[in-house]
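Coordinates in review
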Number of protein chains: 2
Amino acid sequence: MLKLKQDHSELVVLSVLAAGPSYGYAISKDIAARSDGHFKLTASGMYPLLTKLEKNGLVTTSWEEVKASGSDPESNGRRRKWYTLSDKGQRHLTKRIELHRQLQSILDGFVHGSMGEQDPQTGFAG
Amino acid sequence: MLKLKQDHSELVVLSVLAAGPSYGYAISKDIAARSDGHFKLTASGMYPLLTKLEKNGLVTTSWEEVKASGSDPESNGRRRKWYTLSDKGQRHLTKRIELHRQLQSILDGFVHGSMGEQDPQTGFAG
DNA sequence: TTATGATATATCGAAACTCGATATATACAA
DNA sequence: TTGTATATATCGAGTTTCGATATATCATAA
């Protein structure tokens, strides 16, 4: 299990939303699935983050009432809060990715040669 | 100026020490120079980090008295605290780099294709 | 019917981290 | 003697982290 800092979480969530609107729980499952379980963004990390993104105007939101197939039409079903990447969000993501790549590039300069013998192509020794 | 989180700072400092022993101030200058000023690890970030590394046994330390060339032999000069990467520290660094590369690899999977038209080789649009 | 797990959103709070400001002291050059 | 560089270190207000907790619906099987 790899730890995701908020910075990385934001990058991943925005990237997921760049593919189309989604909601907290689905994003969480999506991240776990697409990382083979290596990344896990739990509720306590997800919702404050989504709230922050909304507050900063990077996403727009809307509620969906999820009715059960055979349920009472009068009853309130589960509620889903959908998040859609805004234009501002897309621009932010683009900059964020540029910054991420720049960081990696410089970081690699430091890391390079600090590991002794290992395959530089894969980054894994075992 | 790119922000370095403690995780990254630790990786960079350990990588610097993998090249040979150094001390706080020199490491700080080294990092600024080798990153063309993009990374800056200031005293308030550096010393707590080095103390933590020492506490965890990743580095060993020793003090050096830095005498001025023409100074009174009796006077106390400046004091330098040298940090040397321990075997445990080298093993930790190796694992840390593997983890870093694994993280990047998965992160790239999410980021890939979230930027629209741009050169995937360099990661920079402008 | 009941209980177990999945779906779904959200906050709390203790611990850890961040980073500019601050403190202290020596060395050296203008 | 004044300013800048060298050198280590802590303080503290603000932010981040993340397991625990709370609430409620839905689906399935015992």
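Placed above this text is the structure.
Here's a quick rundown of the structure. (Residues numbered from 1 in each chain as written. Chains lettered and ligands numbered in written order. Predicted model: local features only at pLDDT ≥ 70, side-chain atom pairs only at ≥ 80, totals over all residues. Heavy atoms only, no water.)

Here's the deal with the overall build of chain A
Secondary structure assignment for chain A yields four helices and three strands. Across chain A, helices and strands are ordered from the amino to the carboxyl terminus as α-β-α-α-β-β-α. Counting contacts in chain A only where the partners sit at least 6 residues apart, residues at least 24 apart contribute 59% of the total. Accessible area for chain A stands at about 7300 Å²; split by element, carbon and sulfur atoms hold 50% of it. (Helix = DSSP H or I, 4+ residues; strand = E, 2+ residues; numbered from the N terminus. Contact = heavy atoms within 4.5 Å. Areas by Shrake-Rupley, 256 points an atom, 1.4 Å probe, with all protein chains shown as cover.)

Quick word on the relation of the copies chain A and chain B
With an RMSD of 0.1 Å, the operation that places chain A on chain B is a rotation of 179 degrees combined with a shift of 0.0 Å along the axis. Taken together, the rotation and translation describe the operation of a two-fold axis. Rotation axis and chain A: the residue whose C-alpha lies nearest the axis is A:Q104, separated from it by 4.1 Å. (Least-squares fit on C-alpha atoms with pLDDT ≥ 70 in both.)

A word on the protein's contact with DNA strand C
The environment of DNA strand C is made up of 23 residues, and the closest members are A:Y23, A:Y25, A:R80, B:Q6 and B:S44. Counting only the atoms of DNA strand C within 4 Å of the protein, the fraction contributed by sugar and phosphate is 69%. Between DNA strand C and the protein, one listed contact pairs a phosphate oxygen with a side-chain N or O atom of A:Y23 at 2.8 Å. Between a phosphate oxygen of DNA strand C and a side-chain N or O atom of A:Y25, the distance comes to 2.5 Å. The set of elements that each furnish at least two residues to the surface near DNA strand C consists of helix 2 (24–34), helix 3 (43–55) and strand 3 (78–85) of chain A. Considering only residue class, the surface near DNA strand C consists of ten nonpolar, five polar and eight charged. (Near = heavy atom within 4 Å. Polar contact = N/O pair within 3.5 Å; in protein donor to acceptor, adjacent residues only side chain to side chain. Nonpolar A, V, L, I, M, F, W, Y, C, P; charged D, E, K, R; others polar.)

Regarding the packing of helix 1 (residues 6–18) of chain B against helix 2 (residues 24–34) of chain B
In a pair of packed helices, the angle between the axes and the distance between the axes together describe the arrangement. Residues and elements named next belong to chain B. In the contact formed by helix 1 and helix 2, the axes pass within 11 Å of each other and the chain directions differ by 100 degrees. By the angle between their axes, helix 1 is roughly perpendicular relative to helix 2. On helix 2, the residues that touch V12, V13, V16 and L17 of helix 1 are I27, D30, I31 and R34. Its residues assigned to classes, the contact of helix 1 with helix 2 comprises six nonpolar, no polar and two charged. (Axes fitted to C-alpha atoms, helices over the stretch in contact; angles between N-to-C directions. Parallel < 35°, antiparallel > 145°, perpendicular 65-115°, else oblique.)

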